[in-house]
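Survey of secondary and tertiary structure
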Amino acid sequence: MSNVEDFLSIEEEQEIVQAIRQAERNTSGEIRVHIERTTSLSHYNRTLEVFRMLKMFNTKEQNAVLIYVAVDDHKFVIYGDKGIDAVVPENFWESTKNTIQQQFKQGNFKQGIVAGVLKAGKELQAHFPWTTNDVDELPNEVSKG
Ligand code: CA
Ligand code: CA
C-alpha cells in the first residue's frame, strides 16, 4: 500500500494541507485526509480503523471529520465523530460527498479532495463556528497508507 505519491505530487499534497488550514479557519471542527491505494476491509470499517489510528476521537467537542480515500478502489468515505452526529441532520455529508464525487468522476483527484475539505469546513461552520480561542487539535498534514 505505497506509492500514493503516484497520484499526489508534493505540490498537490501541499494544496490539500492548505485547504485543511483554510477550512479550519471557519470551524472549530478538525478535518483530516487519509489516502491509500486499497484495503482488505470494508471501506467503512477501514475508515473507522484509520480514525482510531489517527486518534481523531481526541477532540474536545468530538467534532473531527475524516475524509478517507482508497485510490485503486475508487472509493471514499466521510466519517464524522459523534459530536457532529449529535447536532446535524441526517445526510449532512451528502453535499460534501457530491462535491468530491463530481471531481473524481472527471479524474480530478486532488481537486476533489481539496473541494471536499473546503466544503466540509463550510458545512461544519454552522454547527461548530470558529472562535478566537480555537485550538488546532489535530495535525493538518495528509495521512498516507
Ligand atoms: Ca480546531
Ligand atoms: Ca487541524
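For the structure itself, look to the data block above.
Let us look at the structure shown here. (Residues numbered from 1 in each chain as written. Chains lettered and ligands numbered in written order. Predicted model: local features only at pLDDT ≥ 70, side-chain atom pairs only at ≥ 80, totals over all residues. Heavy atoms only, no water.)

What follows covers the coordination of the calcium ion (ligand 2). Around the calcium ion (ligand 2), the protein contributes the donor atoms Glu24 (OE), Glu24 (OE), Glu30 (OE), Asp136 (OD), Leu138 (O) and Asn140 (OD1), which lie 2.2 to 2.6 Å from the metal centre. Between the six donor atoms coordinating the calcium ion (ligand 2), the angles at the centre fall across 52 to 175 degrees, so the site counts as irregular. Linear spacing of the donor residues for the calcium ion (ligand 2) on their chain is E-x5-E-x105-D-x1-L-x1-N. Of the residues examined, Asp136 reaches a relative accessible area of 44% and is grouped as partly exposed. (Donors = N, O, S within 2.8 Å, 3.2 Å for Na, K, Ca; no water. Tetrahedral: all angles 85-135°; square planar, octahedral: opposite > 155°, others 65-115°. Buried < 20%, exposed > 50% of the residue type's maximum accessible area, 1.4 Å probe, protein only.)

On to the side chain of Asn63, then. By the element assignment, Asn63 lies in the loop between helix 2 (43-53) and strand 2 (64-70). With a relative accessible area of 1%, Asn63 lands in the buried category. Sequence-distant contacts of Asn63, defined by excluding residues within four places in its chain, comprise Ser28, Gly29, Glu30, Asp81, Ile84, Phe128 and Glu137. (Helix = DSSP H or I, 4+ residues; strand = E, 2+ residues; numbered from the N terminus. Contact = heavy atoms within 4.5 Å.)

Note on metal sites: the ideal angle is 109.5 degrees for four tetrahedral donors, and 90 or 180 degrees for six octahedral donors. Coordination of the calcium ion (ligand 1) by the protein is provided by Ser28 (O), Glu30 (OE), Asp134 (OD), Asp134 (OD) and Val135 (O), with metal-donor distances spanning 2.2 to 3.0 Å. Along the chain, the residues donating to the calcium ion (ligand 1) are arranged with the sequence spacing S-x1-E-x103-D-V. Separating the calcium ion (ligand 1) and the calcium ion (ligand 2) is a distance of 5.8 Å, and Glu30 donates to both of them. Of the two residues, Ser28 is situated in the loop between helix 1 (10-23) and strand 1 (30-36) and Val135 in the loop between helix 5 (109-125) and strand 4 (143-144); the sequence distance between them amounts to 107 residues. Overall, the relative accessible area of 6% leaves Ser28 in the buried class.

If you look at the biggest cluster of nonpolar residues, it comprises 29 residues, and the most contacted ones within it are Val33, Ile35 and Val117. When residues of this core are traced back to their parent elements, those giving at least two are helix 1, strand 1, strand 2, strand 3 (75-80) and helix 5. Residue contributions to this core peak at six residues, all from helix 5. The residues contacting Ile35, other than those within four sequence positions of it, are Val4, Leu8, Val69, Val71, Phe109, Ile113, Val142, Ser143, Lys144 and Gly145. Counting residues in hydrophobic clusters, the runner-up holds 12 residues, among them Phe51, Tyr68, Ala70 and Val77. (Core = buried A, V, L, I, M, F, W, Y, C linked by side-chain atoms within 4.5 Å.)

Okay, the packing of aromatic side chains next. For the coordinates displayed, the defined rule picks out six aromatic pairs. Ring plane angle 75 degrees and centroid distance 6.1 Å describe the contact between Tyr44 and Tyr79, whose orientation is recorded as edge-to-face. With Tyr44 in helix 2 and Tyr79 in strand 3, this pair connects stretches of sequence that are 35 residues apart. Between Phe51 and Tyr79 the ring centres are 4.9 Å apart and the planes differ by 80 degrees, which places this aromatic pair in the edge-to-face class. Separated by 28 residues along the polypeptide, Phe51 in helix 2 and Tyr79 in strand 3 bring together distant segments of the chain. (Phe/Tyr/Trp six-rings, centres within 6.5 Å; stacked < 30°, edge-to-face > 60°.)

Spatially, four strands are ordered 3-2-1-4 in an open sheet, and the strand pairing comes out mixed. Every interior strand has two partners, whereas the edge strands, strand 3 and strand 4, have only one. Taken together, the six bridges between strand 2 and strand 3 define a ladder with antiparallel strand orientation. Bridge assignment links Ala70 to a residue of strand 3, and that residue is Lys75. Running over the sheet, helix 5 touches strand 1 and strand 2 and is turned about 155 degrees from strand 1. (Pairing = 2+ DSSP bridges. Axes fitted to C-alpha atoms, helices over the stretch in contact; angles between N-to-C directions.)

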